[in-house]
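# Observations on chain architecture
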Number of protein chains: 2
Amino acid sequence: MAVKLQSIPQQRVTGSRHNPMAEPPPVSLYYATRHARRCSRDGAPPLGERTRSVATMSLSSHDHAFVPPHRLLMGPGPSMVHARVLHALSQPLVGHLDPIFLNLMNTIQASLRTLFRTENEFTIALPGTGSAGMEAVIANLIEPGDRAIVGVNGVFGSRLATMIERSGGIPLRIEAPWGQIISLDAVHDALSRGGPVKAVVLVHAETSTGAWQPLEDVGALCRAHGALLIIDAVTSLGGLPVEVDAWGIDACYSGTQKCVSCPPGLAPLTVSPRAMEAVRQRRTPCHSWYLDLSLIAEYWNDRSRAYHHTAPISMLYGLHEALRLIHEEGLPPRFIRHQLNSDALLAGLEPLGLQPLPPAAHRLPMLNCVTLPEGIDDTLVRTQLLQDHGIEIGGGLGPLRGRVWRIGLMGESCQQAHVLTLLNALEDIFAQHGWLDQPGRAVQAAVETYTQSQLSARRGA
Amino acid sequence: MAVKLQSIPQQRVTGSRHNPMAEPPPVSLYYATRHARRCSRDGAPPLGERTRSVATMSLSSHDHAFVPPHRLLMGPGPSMVHARVLHALSQPLVGHLDPIFLNLMNTIQASLRTLFRTENEFTIALPGTGSAGMEAVIANLIEPGDRAIVGVNGVFGSRLATMIERSGGIPLRIEAPWGQIISLDAVHDALSRGGPVKAVVLVHAETSTGAWQPLEDVGALCRAHGALLIIDAVTSLGGLPVEVDAWGIDACYSGTQKCVSCPPGLAPLTVSPRAMEAVRQRRTPCHSWYLDLSLIAEYWNDRSRAYHHTAPISMLYGLHEALRLIHEEGLPPRFIRHQLNSDALLAGLEPLGLQPLPPAAHRLPMLNCVTLPEGIDDTLVRTQLLQDHGIEIGGGLGPLRGRVWRIGLMGESCQQAHVLTLLNALEDIFAQHGWLDQPGRAVQAAVETYTQSQLSARRGA
């Protein structure tokens, strides 16, 4: 082995883009010779387009390493990611069929079951964002001609109705004003109107409006009418109780970039045995091969492990660590943390004239949708927050554009320090534009909320 | 602000799972009180299932942080990932609509265009694995009733035919034995048989067989017959020339975990203006909303930026850095590196009795598919490689199961040191089982290949 090795790192350093006048690496002659030899030996045409193109290939201009600025992420997602999760993402790869990785998949499944509060065997993370979770559920459970009741009170209910149509289904829309919930009575009426209904589809946490949809009693109603219950828990999972088994939910999907506080790119998903049976009994194959749950089930099933796709290994490292953080904190303390910080935030926003859009009984703690008072410039404030303070909050979507802000308190983003920092920054900006006479009251109101919670905790202890 | 703050980190440490006898955090009383107050104020039913469930919630058993073992990844993917890419993955998040992130998306697009050798405006990374790229192209370009010629000479050609069927299309299969290529004549015959053909679909690098499909002259043939040319470049991109514009390819997708050497989870994709026109002229909406290219185009387009999904931010950080490494090395040196290491590997495998499956003119450098001699125990060797040496190579799929190994030399995995390490380990194992009389010849044959390339480089210089 006393050979002078071909030095790849050296080529990187002396490559033609760094030093355009340098000669091309002499080893390129080897490539040309190798291909000429191969072609002549096999009677193939001499060096063709394939080899010519290598010689004339140009390279793009050299850009720099990306160094992200510090951001306080208080929008509708992504949320901030704990350093332990970021570290997990940076671990070297193992193969996606390595026994050690398959064991990690099993652990993730168990951990997701605890989070979804379910014993469903099919509890996995799909290789796509929350919208992939939505599409997987609809494309597998809604067949051509199937009727599905869908609550439409924001962007994501509308998206669900679209997906039902694209799967060949017939969406039976229950509409409610943006910011309101879908009433149990309306679901009951829709189910009782006659004709088979394959599924009832509701959004637990409508990210576009901040409305918190009650779900406790829908499952029984669906079962009484032979319908499946499909729940969008993209924004709620990890920040609110999501009781898949207790509430009789048949399919529930989420995303990783909200209250789970892992980067975007995976869709946690759980499907009940009765819904999996519906998938297996389909009259026609699912249009989607990539999201075909019957195939994906065979991949995540430890007894079969039939190859389907290459699992997103690094993202699953990250999800595993994010789930560990969730379970170390414990679900009840985590939900309490979300509620308390939301209460403090809303208390602080009140002196600024920002009122929550949804009614008091149905406000999401992790997505605080507040209406802007007259005279406040939406874009100006959000731009200043981002540029001067490094804080991201969300604007309104669709009919709420320019009329609301959506302030996220999700997972790692949901911290007392962040609430106070945001309120202080808003007071600064409002005062600067003459929209506020007495700065300080917003932060003070939030602080009082935290104080009160400490006092009542001490009284209770 | 002289308030005793609620300490989240402390809750993590003292949570009930770590210390099951500890009292629940007293602040939970705050949550119960808050919800009782809210319910009574709004006339909603008193504390219901939602709140009860919080109190009775159980937590899963505590698992450990995942520390991956060191692996030499020499299978069909994932390949190894450079430390700079792993570092990029661990950077803190910014929002997916942050101007700084949108700028990064533009940079990635430019960098992907250089890699795909195209000027296609629609050149992006899809939020899914390589199979999502395959599905996106088929689901958007093949409408119900469309006829598509598809080369089937391995697993991925078969998968393409399945996807064409699921999109309502009619696959016209050109079959070839596994390990062989699809001949230009066969494509010509299929196109000339009469009846409109929407697309010709070929796999550039068939990962299941190691066959390298020539593509230089297919594009002109397709254009002459009014058909689109769709190419699967999952395994070839970054390791072989992929000349999208010069070869007249209309849609070309890849994966990140092969020769791009980024973790799995993204699908680089480029689509020609003429194929995008076909997408926009569809008679029916694409079944898939998640992979609808007309919607995704509006998100990646810097002039519109219409919200579609939340981009997989960390994965795109990683892809950006992986592309920088590719362009720093330069495409020609990178392709030469793949060819040289493959030549050395095959030279080394010969004394072990392992012969390449595809004919000499059509062997992929990054996926070396070699047939096992009689008497070699496939599973035993691969298990020993993984357990004793930490080396992963791939087994055969479908009809090739137990008959071949698939040895990957992709991106960062494609290094002289890895070739020699693998050959040495194979010699050890073969000798241990009495399958080899003279250990050392495999490594020596590979070393001679490297020496020869150095000599011819010196002669040329």
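As a convention, each chain's residues are numbered from 1 in the sequence order in which they are written. Whichever chain is written first is A, and whichever ligand is written first is 1; the rest continue in order. This being a predicted model, a pLDDT of at least 70 is required before a residue's local features are given, and a value of 80 or more before pairs of side-chain atoms are given or counted; all residues contribute to the totals for chains, interfaces and linings. Side-chain calculation: all heavy atoms of the structure are included, whereas hydrogens and water are not.

For the purposes of this entry, the term helix denotes a DSSP run of H or I that reaches at least four residues, the term strand denotes a run of E that reaches at least two, and both are numbered from the N terminus. Helix and strand counts for chain A come out as 16 helices and 14 strands. Burial analysis of chain A (461 residues in total) assigns 65% to the buried set. It only takes one pair of heavy atoms within 4.5 Å for two residues to be counted as in contact. In chain A, once contacts between residues fewer than 6 apart in sequence are set aside, the share between residues at least 24 apart is 71%. Exposure was quantified through the Shrake-Rupley algorithm and a 1.4 Å probe, taking into account, for residues, occlusion by the shown protein chains and nothing else. Put simply, chain A shows about 16,100 Å² of open surface, and 53% of that area lies on carbon and sulfur atoms. Exposure classes here rest on a 1.4 Å probe applied to the protein chains alone. A residue is buried below 20% of its type maximum, exposed above 50%, and partly exposed in between.

Residue and element names in this part refer to chain A. Mapped onto the elements of the fold, L385 is located in helix α14 (residues 378-389). For the pair L385 and L72, spaced 313 residues apart in sequence, the C-alpha separation works out to 9.8 Å. With residues near it in sequence (within four places) discarded, L385 still touches G390, I391, I393, L422, A425, L426 and I429.

All names here are of chain A. Note on pairing: two strands pair once DSSP finds at least 2 bridges between them. Strand direction decides the pairing type here: strand β3 (residues 147-152) and strand β4 (residues 170-175), joined by 6 bridges, are parallel. Paired with V152 across the bridge in β4 is E175. A right-handed crossover is one whose linking path, passing over the helix from the first strand to the second, runs clockwise when the strands point away from the viewer. Handedness of the β-α-β unit built from β3, helix α7 (residues 155-166) and β4 comes out right-handed.

Residues and elements named next belong to chain A. Here the domain parsing of chain A yields domain 1 (92-328) and domain 2 (330-460). Taken over C-alpha atoms, the centre of domain 1 sits 29 Å from the centre of domain 2. Three residues stand out in domain 1 for area buried against domain 2, namely W178, G210 and W212, and they jointly supply 23% of the buried area on that side. Throughout this description, the term salt bridge denotes a Lys or Arg side-chain nitrogen within 4 Å of a carboxyl oxygen of Asp or Glu. Along the contact surface separating domain 1 from domain 2 lie 0 salt bridges. Under this definition, polar contacts are N or O atom pairs within 3.5 Å; protein pairs additionally need one hydrogen-donor-capable and one acceptor-capable atom, and for neighbouring residues in sequence, both atoms have to be side-chain atoms. There are 8 residue pairs in polar contact (both at pLDDT 80 or more) connecting domain 1 and domain 2. Secondary-structure elements contributing two or more residues to the side of domain 1 that touches domain 2 are α5 (99-116), β6 (205-206), β7 (211-212) and α12 (313-329). With 3 residues, the single largest contributor to the side of domain 1 that touches domain 2 is α12. Of the residues assigned to the side of domain 1 that touches domain 2, the class counts are 13 nonpolar, 14 polar and 4 charged. Domain start and stop positions are those given by an automatic or database domain assignment. Accessible area, probed at 1.4 Å, shrinks when two parts are joined; the buried area is that loss added up over both. Basically, the charged four are Asp, Glu, Lys and Arg, the nonpolar ten are Ala, Val, Leu, Ile, Met, Phe, Trp, Tyr, Cys and Pro, and anything else, Gly included, counts as polar.

Residue and element names in this part refer to chain B. What the 7 strands build is an open sheet, ordered β2-β10-β9-β8-β5-β3-β4; its pairing is mixed. Every interior strand has two partners, whereas the edge strands, β2 (122-126) and β4 (170-175), have only one. Pairs of neighbouring strands in the sheet enclose a mean axial angle of 15°, with direction left out of account. An axis is simply a line fitted to the C-alpha atoms; with a helix, the fit covers only the stretch in contact. Between two such axes, the angle follows the N-to-C directions and lies from 0 to 180 degrees.

Turning to the state of the cysteines, a few remarks are in order. Cysteine sulfur pairs qualify as disulfides if the two atoms are within 2.5 Å. Across all of its chains, the model carries 0 disulfides over all chains by this definition. With no disulfide of its own, C259 of chain A lies 7.6 Å from the sulfur of C414 of chain A, the closest cysteine sulfur. Cysteine C222 of chain B remains unbridged, with the sulfur of C252 of chain B as its closest cysteine sulfur at 13 Å.

Our focus in this paragraph is the environment of E448 of chain A. With respect to the helices and strands, E448 of chain A occurs in helix α16 (residues 441-460). Sequence spacing of E448 of chain A and H82 of chain A is 366 residues, and the spatial spacing of their C-alpha atoms is 28 Å.

Residues and elements named next belong to chain A. Paired rings are identified among Phe, Tyr and Trp, the last through its six-membered ring, by centres lying within 6.5 Å, and are further divided according to the angle between planes into stacked (under 30 degrees), edge-to-face (over 60) and tilted (the rest). Within the structure shown, the criterion is met by 6 aromatic pairs over all chains. When the ring of F430 is compared with that of W435, the centres are 5.5 Å apart and the planes differ by 90°; the resulting orientation is edge-to-face. In this structure an aromatic cluster arises from ring pairing among W405, F430 and W435.

Residue and element names in this part refer to chain A. The mixed open sheet is built from 5 strands, whose spatial order is β1-β13-β14-β12-β11. Of all strands in the sheet, those bounded by a partner on one side alone are β1 (72-74) and β11 (355-356). By the bridge criterion, 3 bridges tie β1 to strand β13 (residues 391-395) in an arrangement that is parallel. In the sheet register, L72 faces β13, and the bridge partner there is I391. Against the sheet, helix α13 (residues 331-349) makes contact with β11, β12 (367-371) and β14 (404-408), and its axis sits at roughly 15° relative to β12, the strand it touches most.

So, about unusual backbone geometry. All names here are of chain A. Geometrically, the link from G77 to P78 is a cis peptide bond, its omega value of 5° lying close to zero. Topologically, P78 is positioned in the loop between β1 and α4 (83-89). Its identity as a non-glycine residue notwithstanding, S261 has a phi of 55°, on the positive side. Topologically, S261 is positioned in the loop between β9 (251-253) and β10 (267-271).

With that settled, consider the pairing of β2 of chain B. Residue and element names in this part refer to chain B. Of all 5 residues making up β2, 5 are buried, and the element is well covered by its neighbours. Neither face of β2 is open: one carries F122, I124 and L126, the other T123 and A125, and all of them are buried. As paired elements, β2 and strand β10 (residues 267-271) share 5 bridges and run antiparallel to each other. What sits directly across from T123, in β10, is T270.

This brings us to the packing of helix α6 (residues 130-141) of chain A against α7 of chain A. Residue and element names in this part refer to chain A. For the pair α6 and α7, interaxial distance at closest approach is 10 Å and the crossing angle is 40°. As far as their axial angle goes, α7 and α6 are oblique. Handedness of the α6/α7 crossing: right-handed. For the pair α6 and α7, contact is made by S131, M134, E135 and I138 and by F156, R159, L160, M163 and I164, respectively. Here the residues of the contact of α6 with α7 sort into 6 nonpolar, 1 polar and 2 charged. Here is the rule for angles: anything less than 35 degrees is roughly parallel, anything more than 145 is roughly antiparallel, 65 through 115 is roughly perpendicular, and the remaining ranges are oblique. In a left-handed crossing the near helix is turned counterclockwise from the far helix by less than a right angle, and in a right-handed crossing that turn is clockwise.

Oppositely charged side chains can pair when the atoms bearing their charge come close. Scanning the model with the defined rule gives 36 salt bridges over all chains in all. Of the charged contacts, one joins R71 of chain B and D98 of chain A as a salt bridge, the two residues approaching to 2.5 Å between their closest N and O atoms. A residue pair is termed interchain when its members come from two chains, as with R71 of chain B in the loop between α3 (49-56) and β1 (72-74) and D98 of chain A in the loop between α4 and α5. For the pair R71 of chain B and D98 of chain A, one class covers both residues: buried. The closest approach of N and O atoms between R274 of chain B and D250 of chain B, which form a salt bridge, is 2.9 Å. Here R274 of chain B, found in helix α10 (residues 273-280), pairs with D250 of chain B, found in the loop between β8 (228-232) and β9 (251-253); they are 24 residues apart in sequence, far enough to count as distant. Under the relative-accessibility criterion, R274 of chain B is labelled partly exposed at 29%.

Residues and elements named next belong to chain B. Burial in helix α8 (residues 184-192) covers these residues: V187, A190 and L191. Angular distribution of buried residues about the axis of α8 spans 100°; they occupy a single face of the element. If you follow the buried residues of α8, they end up packed against β3 (147-152), β4, β5 (199-203) and α9 (218-224). Taken from the residues just after α8, G194 is the one with a positive phi, measuring 95°. Working note: the arc is built from the helix axis to C-beta atom directions.

With that settled, the discussion passes to α6 of chain A. Residues and elements named next belong to chain A. With 12 residues, α6 extends 17 Å between its outermost C-alpha atoms, agreeing within 8% with the 16 Å of an ideal straight helix rising 1.5 Å per residue. For α6, the buried fraction is high: 12 of the 12 residues fall into the buried class. Here α6 has its buried residues at G130, S131, A132, G133, M134, E135, A136, V137, I138, A139, N140 and L141. An expected span of 1.5 Å times one less than the residue number is assigned to each helix.

Looking at where L89 of chain A falls in the secondary structure, it is placed in helix α4. As for L89 of chain A and P196 of chain A, which are separated by 107 residues in sequence, their C-alpha atoms are 46 Å apart. The residues contacting L89 of chain A, other than those within four sequence positions of it, are P263, S314, M315 and G318 of chain A together with L89 and S314 of chain B.

What follows covers the side chain of D146 of chain A. All names here are of chain A. For D146, the position within the fold is in the loop between α6 and β3. Looking at D146, the relative accessible area reads 10%, which means it is buried. Engagement of the side chain of D146 in a polar contact is seen with the backbone nitrogen of E143, the distance being 2.7 Å. Filtering out sequence-adjacent residues up to four positions away, D146 remains in contact with L141, G168, G169, I170, K198 and R283.

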